[in-house]
Amino acid sequence: MPTSGPTPPVAVGTPATAERERLGFVRLVRTRGLRRLLAVRFATQWADGVFQAALGGAVLFNPERQADPLAVAAGLAVLLLPYSLIGPFAGALLDRWDRKRVLMGANLVRAVLIVVVAAVVFAGVTGPGLYLAALAVAGVSRFVNSGLSVALPHVVERRHLVEANTFAVTVGAAMTAIGGACAIGLREIVGPDDTGSAITTTVAVVGSLLAAALASRFRRGALGPDRTDPARRTAVTVLHGLADGARATAATPSVAASFLALAAHRFSVGITTLLTLLLFRYSFIDSGPFRAGLAGIGEAVLLAAAGLGVAALIAPWMVRRWGRPRTIRVAMIVATLTQLALAALLSMPAVLAAAFVLGATGQIVKLCTDAAVQSEAGDGVLGRVFALYDVVFNVGYVLAVAAAALLSPPNGYAPWLLAAAAALYVLGLLAHDQQMRRTRRT
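Description of the structure in this document. (Residues numbered from 1 in each chain as written. Predicted model: local features only at pLDDT ≥ 70, side-chain atom pairs only at ≥ 80, totals over all residues. Heavy atoms only, no water.)

**A short note on the packing of helix 7 (residues 99–122) against helix 11 (residues 204–215)**
The geometry of helix 7 relative to helix 11 is characterised by a closest axis approach of 8 Å and an angle of 160° between their N-to-C directions. Classified by the angle their axes make, helix 7 and helix 11 are roughly antiparallel. Where helix 7 crosses over helix 11, the two elements pack in a sense that is left-handed. Contacts between helix 7 and helix 11 involve Lys100, Leu103, Met104, Asn107, Leu108, Arg110, Ala111, Ile114 and Val115 from the first element and Ala204, Val205, Ser208, Leu209, Ala211, Ala212 and Ala215 from the second. Taken together, the residues of the contact of helix 7 with helix 11 break down into 12 nonpolar, 2 polar and 2 charged. (Axes fitted to C-alpha atoms, helices over the stretch in contact; angles between N-to-C directions. Helix = DSSP H or I, 4+ residues; strand = E, 2+ residues; numbered from the N terminus. Parallel < 35°, antiparallel > 145°, perpendicular 65-115°, else oblique. Left-handed = near helix turned anticlockwise from the far one by under 90°. Contact = heavy atoms within 4.5 Å. Nonpolar A, V, L, I, M, F, W, Y, C, P; charged D, E, K, R; others polar.)

And the structure:
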C-alpha cells in the first residue's frame with residue numbers, strides 16, 4: 001500500500017520562497033484543468049447553498065412548523081453529520097475509484113435525491129422522515145466535496161497549492177453563500193410554506209446536473225488516484241480508512257497541529273451558529289437596515305461570505321510573510337477576541353460584525369489546513385486524510401451545536417456560552433503550539 005510521508009512543503013509554507021512561486025490570479029484561472037475543476041466546485045457548492053438554506057428554512061422559518069433549539073440542532077446535524085460517519089470508509093474509495101467518475105456519478109445521484117427531499121417537504125413530512133431524506137443528500141454532497149479536494153493536486157503544481165486552494169475554497173464557500181442567498185430570495189417569491197420550500201429545494205438540482213456535465217469533460221484518470229492497491233486489498237483498506245487517515249495525520253506534526261486548531265474553531269463556531277439562529281428567530285427585532293428572522297440570517301451569511309473574500313486576499317500574504325503556523329495563531333487570537341467582544345456586546349450589530357470576522361479568521365485557518373494536507377500527505381492516502389479532515393470539520397461542529405442546544409435558553413441569549421466559545425480558541429492555540437514543538441524536535 002502507498003505510504004504517507006511528509007513532503008517538505010518549502011514552497012507552501014516557507015515565507016522566503018513562497019513569493020517567487022506565486023502564480024497570480026490571471027495565470028491561475030488560465031490553467032485548463034484547474035479552471036474546469038473550479039467550475040465543477042462552484043456548481044456543486046452553489047447547489048449545496050441552495051439545498052442547505054431551503055432545508056433550514058423548511059425546519060426553522062416555515063410558519064407551518066415550529067422549531068426549538070433541539071430541532072435546529074437536528075437540522076444542522078442532518079446537513080453536516082452523515083458523511084462524517086461514512087467518510088472514513090468512503091475516503092478510501094476516493095483513493096481507488098477514478099475521481100472523474102466519482103464527481104459525475106455522485107452529482108447525478110444527488111440530483112435524484114434532492115427531488116426526493118423536495119417531495120417529502122411538499123408532503124409536509126416532519127421529523128425522521130424529512131431528516132432521513134436530507135441525510136442522503138448531505139452524505140453524497142460531502143463525498144463530492146472531498147473528491148474535489150483530493151483532485152486539486154492533479155490540476156495544479158504543488159508549489160502553487162496555497163494560492164490555488166485559497167481561490168478554490170474561498171470562492172467555493174462564497175458560492176455556497178450565494179446559493180443560500182438565492183434560496184432565501186426565492187422563498188420570498190414562492191412563499192415560506194411547504195409548497196414554497198419544496199420549490200426552493202428543487203432548484204438545487206440545477207447545480208448538481210451542471211457539475212456532473214462539467215466533470216464529464218475530464219479524461220479518465222486525469223484526477224487520480226495515481227496508484228491503487230490490488231483489488232483484493234480494497235475491502236480491507238476501506239474498513240481501515242479512519243485508522244489510515246489518523247496514522248497519516250499523526251505522522252506529520254504540522255498537519256496534526258492544523259487539525260487541532262481547526263477543530264477548536266469548529267467547536268466554537270458551532271456554538272455561535274446555534275445561538276445566532278435562535279437570536280434572529282426569537283430575540284432580535286428589525287432595527288434600521290438590520291433585519292430579524294430569515295432576512296437577518298441572510299445578512300449574516302452575506303457578511304460571513306465577505307469575510308471569506310477578505311481571507312482570500314490576506315491569507316496568501318500572511319503565509320508568505322509569516323508561514324502557516326504563525327498565520328494560524330494570529331487568526332485564532334483575533335477570533336478569540338471577537339468571541340469575547342460578542343459575549344460582552346450581545347446585540348444584532350455585534351452578531352453581524354462577528355459573522356464577518358469569524359468568517360475571515362475561520363477561513364484562514366481552513367486554508368492553511370487544506371494546504372498542509374494537500375502538500376504533505378501522500379496521494380495514496382489523501383482521500384482517507386480528507387475523510388478524517390471531514391470528521392474534524394463537521395463532527396466537532398455538530399457536537400458543539402448539540403451541546404449549545406441543550407444548554408441555551410430558547411431565545412438564544414446566552415453570553416456565557418459565547419465566552420466558553422472563546423475559551424475553546426485558547427485551547428486550540430495551546431494544542432497547535434504543542435504539536436509545532438513536536439515538529440521542531442523532529
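**Concerning helix 7**
In this model helix 7 runs 34 Å from its N-terminal to its C-terminal C-alpha over 24 residues, within 8% of the 34 Å that 1.5 Å per residue would give. With a side-chain oxygen positioned 3.2 Å from the backbone nitrogen of Lys100, the residue opening helix 7 is Asp98. Immediately beyond the C-terminal end of helix 7, within one or two residues, lies Gly124, with a positive phi of roughly 80°. (Expected span 1.5 Å × (residues − 1). Polar contact = N/O pair within 3.5 Å; in protein donor to acceptor, adjacent residues only side chain to side chain.)

**Here's the deal with a nonpolar patch on the surface**
Taken together, Leu70, Leu406, Leu407 and Trp416 make up a surface patch of nonpolar side chains, about 470 Å² in accessible area. By the secondary structure assignment, Leu70 is in helix 5 (residues 69–80). The partly exposed category is assigned to Leu70, whose relative accessible area is 46%. (Patch = residues over 30% accessible without salt bridge, like charges linked within 9 Å, V, L, I, M, F, W, Y side chains within 5 Å. Areas by Shrake-Rupley, 256 points an atom, 1.4 Å probe, with all protein chains shown as cover. Salt bridge = Lys/Arg side-chain N within 4 Å of Asp/Glu carboxyl O. Buried < 20%, exposed > 50% of the residue type's maximum accessible area, 1.4 Å probe, protein only.)

**Some details on the environment of Pro153**
Looking at where Pro153 falls in the secondary structure, it is placed in the loop between helix 8 (128–151) and helix 9 (161–190). Separated by 222 residues in the primary sequence, Pro153 and Ser375 have C-alpha atoms spaced 8.2 Å apart.

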